[in-house]
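Residue strings, one per chain:
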Amino acid sequence: MRRRCPESEYIGTAILSKWKWIINTAGYANVIPSDDDIVYGMIYTLTEDDEDKLDRYEGVPKNYHKFTLPVRVLKGKGQGTFVDALVYVDVERLGEGPPRHEYIARINHAFKDGKDEGIPQEYIDKYIRKFIPAEPLQN
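Criteria and cut-off values
- Per chain, residues are indexed from 1 in the order of the written sequence.
- Reporting of local features is limited, given that this is a predicted model, to residues whose pLDDT is at least 70; pairs of side-chain atoms are given and counted only at 80 or more, and all residues count toward the totals for whole chains, interfaces and linings.
- Water and hydrogen atoms were dropped before computing side-chain values, which therefore reflect all heavy atoms in the structure.
- Here the term buried applies to any residue with accessible area under 20% of the maximum for its type, exposed to any over 50%, and partly exposed to those in between, with areas from a 1.4 Å probe on protein chains only.
- Strands are runs of DSSP state E lasting at least 2 residues, helices are runs of H or I lasting at least 4, and numbering of each runs from the N terminus.
- Strands are treated as partners if at least two bridges between them are detected by DSSP.
- We place a 1 Å grid over just the protein atoms. Points where a 1.4 Å probe fits but has no way out form a cavity, open points with protein on both sides within 12 Å along at least 5 of 7 lines form a pocket, and any residue with an atom within 4 Å of a point lines it.
- Grid points are joined across faces, edges and corners, and a volume is the space filled by probe spheres set on the points.
- Following the grouping adopted for this structure description, the nonpolar residues are Ala, Val, Leu, Ile, Met, Phe, Trp, Tyr, Cys and Pro, the charged ones are Asp, Glu, Lys and Arg, and the polar ones are all others, Gly among them.

**Student:** Hey, could you go over the pairing of strand 1 (residues 9–23) for me, with residue numbers and the actual values?
**Tutor:** Most of strand 1 is tucked away, with 11 of its 15 residues classed as buried. Taken together, the 13 bridges between strand 1 and strand 2 (residues 29–45) define a ladder with antiparallel strand orientation. Bridge pairing in strand 2 places lysine 20 opposite isoleucine 32. Counted along the chain from strand 1 to the antiparallel partner strand 2, the turn is 5 residues long, and its residue glycine 27 has a positive phi close to 95 degrees. Where strand 1 meets strand 3 (residues 65–76), 4 bridges bridge the pair, whose relative direction is antiparallel. Within strand 3, the position partnered with alanine 14 by the bridge is valine 73.

**Student:** Outline the layout of surface pockets, supporting the account with residue identities and numerical values.
**Tutor:** Considering only enclosed or pocket space, the largest pocket measures out at about 1700 Å³ in volume. Lining the largest pocket are 47 residues, with Met1, Arg4, Met42, Tyr44 and Glu58 sitting closest to its centre. Those elements that provide at least two residues to the lining of the largest pocket are strand 1, strand 2, helix 1 (48–58), strand 4 (82–89) and helix 2 (101–116). When residues of the lining of the largest pocket are assigned to their parent elements, the largest contribution, 10 residues, is made by strand 2. By residue class, the composition of the lining of the largest pocket is 30 nonpolar, 6 polar and 11 charged.

This is the structure:
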């Protein structure tokens, strides 16, 4: 996050209820509505400039649309409260697919950091490992 959004400030970990984390048919991470699931994530404050940079990086509005959704802060500033979070959602590619090869290491790195910040291993095993192997696949 620091590389893409240098002015961002880490807040903590949070849960987005009634959504599910997947790799979509384009090979990238997405969240889709799902009454029986949750998404763990890390939340940050963003400056307007950082949000503009992130929009370009994520391909708004071609690849993702921006939603403001309530999340419950689990650890960090505001622990136990609900805050509105900016969530990028691909509203067109809702099906599951394999990850792009170059994406595997990036997701593993992100969830290593997430685990260090309190994202449960059980969540990673159930949702992330379905799509992302612990080590990159050999070509």
